[in-house]
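Residue strings, one per chain:
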Amino acid sequence: MWRNILFIAFLVSLPFVVVGQVESNTSQTVKVHIIDGDTLPYILLPDYNYVEIKRHRTRREQKKWDKLMYNVVKVYPYAQITGELLEYYDEELSKIENEEERKKFMEG
């Protein structure tokens, strides 16, 4: 008996507990730009100032940092040349259709 009463009370109170999306009375308009048939929203964001907090390095950390920067500066020009060569070889290999000719090109 009590079980039935609790079940009915639960069913009656359910609509008061379950709430869907709350309708808002405020509406917001957004400026848009239409470019080539595409509608793009145009929203101005507030400025944000980023300030990096300087953290003092220990001597050991500073020495490791200096060594890293030295090595990067030393190797960077070679990395650029290697990148250019890789692009050149990629273009040339894409032009060659035969696998044997590709191997000959790479060997010599």
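Right, let's walk through the structure included here.

Cut-offs applied
Residues numbered from 1 in each chain as written. Predicted model: local features only at pLDDT ≥ 70, side-chain atom pairs only at ≥ 80, totals over all residues. Heavy atoms only, no water. Helix = DSSP H or I, 4+ residues; strand = E, 2+ residues; numbered from the N terminus. Buried < 20%, exposed > 50% of the residue type's maximum accessible area, 1.4 Å probe, protein only. Areas by Shrake-Rupley, 256 points an atom, 1.4 Å probe, with all protein chains shown as cover. Patch = residues over 30% accessible without salt bridge, like charges linked within 9 Å, V, L, I, M, F, W, Y side chains within 5 Å. Salt bridge = Lys/Arg side-chain N within 4 Å of Asp/Glu carboxyl O. Lys, Arg positive; Asp, Glu negative; His and termini not counted. Charge placed at Lys NZ, Arg CZ, Asp CG, Glu CD. Expected span 1.5 Å × (residues − 1). Bend = angle between axes of the 7 residues up to and from the residue. Pairing = 2+ DSSP bridges.

Turning next to the overall build of the protein. A tally of regular secondary structure across the protein gives 3 helices and 2 strands. For the protein, the residues scored as buried account for 1% of the 108 residues in total. As presented, the protein carries roughly 12,100 Å² of accessible surface, and 58% of it is formed by carbon and sulfur atoms.

Further remarks concern a negative patch on the surface. The grouping of Glu84, Glu87, Asp90 and Glu91 at the surface amounts to a negative patch. Tracing the sequence through the fold places Glu84 in helix α2 (residues 59-95).

For α2, with 37 residues, the first-to-last C-alpha span of 53 Å sits near the 54 Å given by 1.5 Å per residue. Of all the bends in α2, the largest measures some 35 degrees and sits at Val75, one to four residues before the proline Pro77.

Together, Trp65, Leu68, Met69, Val72, Val73 and Tyr76 line one region of the surface with nonpolar side chains, adding up to about 590 Å² of accessible area. With respect to the element layout, Trp65 can be found in helix α2. Judged by its relative accessible area of 38%, Trp65 falls in the partly exposed class.

In this section: the pairing of strand β2 (residues 38-42). Examined bridge by bridge, strand β1 (residues 31-35) and β2 share 5 bridges and lie antiparallel to one another. When the sheet's bridge partners are listed, His33 is paired in β2 with Leu40. Taking the residues between adjacent antiparallel strands as the criterion, β1 and β2 are bridged by 2 residues, where Asp36 takes a positive phi near 50 degrees.

Such coordinate-based values are descriptive only and should not be taken to indicate function.
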